[in-house]
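Residues per chain, in single letters:
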Amino acid sequence: MKRMIRTHLRQVVTAAAMMALAAAPAAHADLAVQHDSLAVTETAGNGNGVAEPGDTLALTENVMSLDGSQTFTGVSGTLATTSSDVTVGSASSAYADLVFGVPTGNASPFSASLSNTMECGASVPFTLTLQTSAGPTDVPFDLPTGSAGPFTAYDSADVPRAIPDGDTLGLSSTVTIGGSGGRVKGMRVRIGHITHTYDGDLTLTLISPDGRSVKLVGAKGGSGDDFVDTVFDDAATAPIRSTTLAPFTGTFQPAQPLSALDGAPLAGTWTLKIVDGSPGDIGTLDAWGVDASPALCAPQPPPSSPPPPPPPPSHDCGQGNGLGNGKAKPKPQHDCPSRPH
Ligand SMILES: [Ca+2]
Ligand SMILES: [Ca+2]
Ligand SMILES: [Ca+2]
């Protein structure tokens, strides 16, 4: 029965996906051209060089051809976004020929204005449509916003938990980040302790409240035992390798970058999924948590207003003329209150 339900569900999901595909506008030919890097300059706004709500930005989108068999010529690009928080100003530019492996940017910058009401830290989804001698192609890329605030530690109370042995569904242990709103601008994962007699059985994945998943480590350590004070941080110098010895004490790059979680909702339920893919050796998750940095955005200056009216005539009652130029002040022409001596 369960199997029938699962099969039916899969058919429903597959049908829904097919219908979504059919409803979507025809995708452009898939040329081997991809996003390389985005250069952002703040041209109007609060002037801090950070892309934020209320800023107007000049964008240079560098793309790169991965096609060694040809050079794309006659290239031009058009920028668009599905975000209602963003207005694209200058949307078109020529591109130089796209040569295999060479990052190439738009000849004149694109421009985009971010609304004052967009959520700080949300990423703006853009699509660059390129027309080339070999046909059109779409290059999607994201514009991150905000700057990184200080990290706060959140420890899971959902421990200890047994890790199901030889079970692809695995263990899901959660930690809740309270509050409402706010977006991620940095994330680290701390595995305080896993007790296990064969680390090579284990794959660890972090899942965000909105369902994005990042693989931290998979099938490393062979017959070695346990994880002890293992930190996953994009800023580390190396991942856990086949040659790294258990219990992996120290700071390591995750198998996939945690920066993929930037822009995700901060508040909510974060999940550490551990799959033990091989029956026999068993273990438990004893302690874990995350360190999260929220996206921060500086306010915009108030809208410019007419210059203030000239100040009223000075009532200088012996407090100096404020210019600090050593000149004698004029004798007051007004009644002044007597000052204590
Ligand atoms: Ca700014
Ligand atoms: Ca062992
Ligand atoms: Ca096992």
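So, a few notes on the structure that sits alongside this text. (Residues numbered from 1 in each chain as written. Chains lettered and ligands numbered in written order. Predicted model: local features only at pLDDT ≥ 70, side-chain atom pairs only at ≥ 80, totals over all residues. Heavy atoms only, no water.)

This next bit is on the overall build of the protein. Helix and strand content of the protein: one helix and 19 strands. Within the protein, buried positions represent 33% of all 341 residues. Long-range pairs, those at least 24 residues apart, make up 68% of the contacts in the protein with a sequence separation of at least 6. (Helix = DSSP H or I, 4+ residues; strand = E, 2+ residues; numbered from the N terminus. Buried < 20%, exposed > 50% of the residue type's maximum accessible area, 1.4 Å probe, protein only. Contact = heavy atoms within 4.5 Å.)

Let us now look at the coordination of the calcium ion (ligand 1). Every protein donor of the calcium ion (ligand 1) is listed here as Glu42 (OE), Glu42 (OE), Asn46 (OD1), Asn48 (OD1), Val50 (O), Glu52 (OE), Asp55 (OD) and Asp55 (OD), and their distances to the metal cover 2.3 to 3.2 Å. Look at where the donors of the calcium ion (ligand 1) fall in the sequence and you get E-x3-N-x1-N-x1-V-x1-E-x2-D. (Donors = N, O, S within 2.8 Å, 3.2 Å for Na, K, Ca; no water.)

If you look at the biggest cluster of nonpolar residues, it comprises 31 residues, and the most contacted ones within it are Leu204, Leu206 and Phe232. Put simply, the parts of the chain that give this core at least two residues each are strand 12 (171-177), strand 13 (184-196), strand 14 (202-207), strand 15 (213-218), strand 16 (227-232), strand 18 (268-276) and strand 19 (283-296). It is strand 13 that contributes the most residues to this core, five residues altogether. Not counting the four nearest positions on each side in its chain, Phe232 is found in contact with Arg188, Val189, Ile191, Leu204, Leu216, Val217, Ile240, Phe252, Gln253, Pro254 and Leu258. Of all hydrophobic cores here, the second largest spans 24 residues; its members include Phe72, Tyr95, Leu98 and Ala122. (Core = buried A, V, L, I, M, F, W, Y, C linked by side-chain atoms within 4.5 Å.)

Enumeration over the complete set of coordinates arrives at one disulfide. A disulfide bridge connects Cys120 with Cys297, and the sulfur atoms are separated by 2.2 Å. Every disulfide takes its handedness from the sign of the S-S torsion; for Cys120 and Cys297 that torsion is 90°, giving right-handed. Note that Cys120 is positioned in the loop between strand 6 (110-114) and strand 7 (124-132) and Cys297 in the segment after strand 19, a separation of 177 residues in sequence. (Disulfide = S-S within 2.5 Å.)

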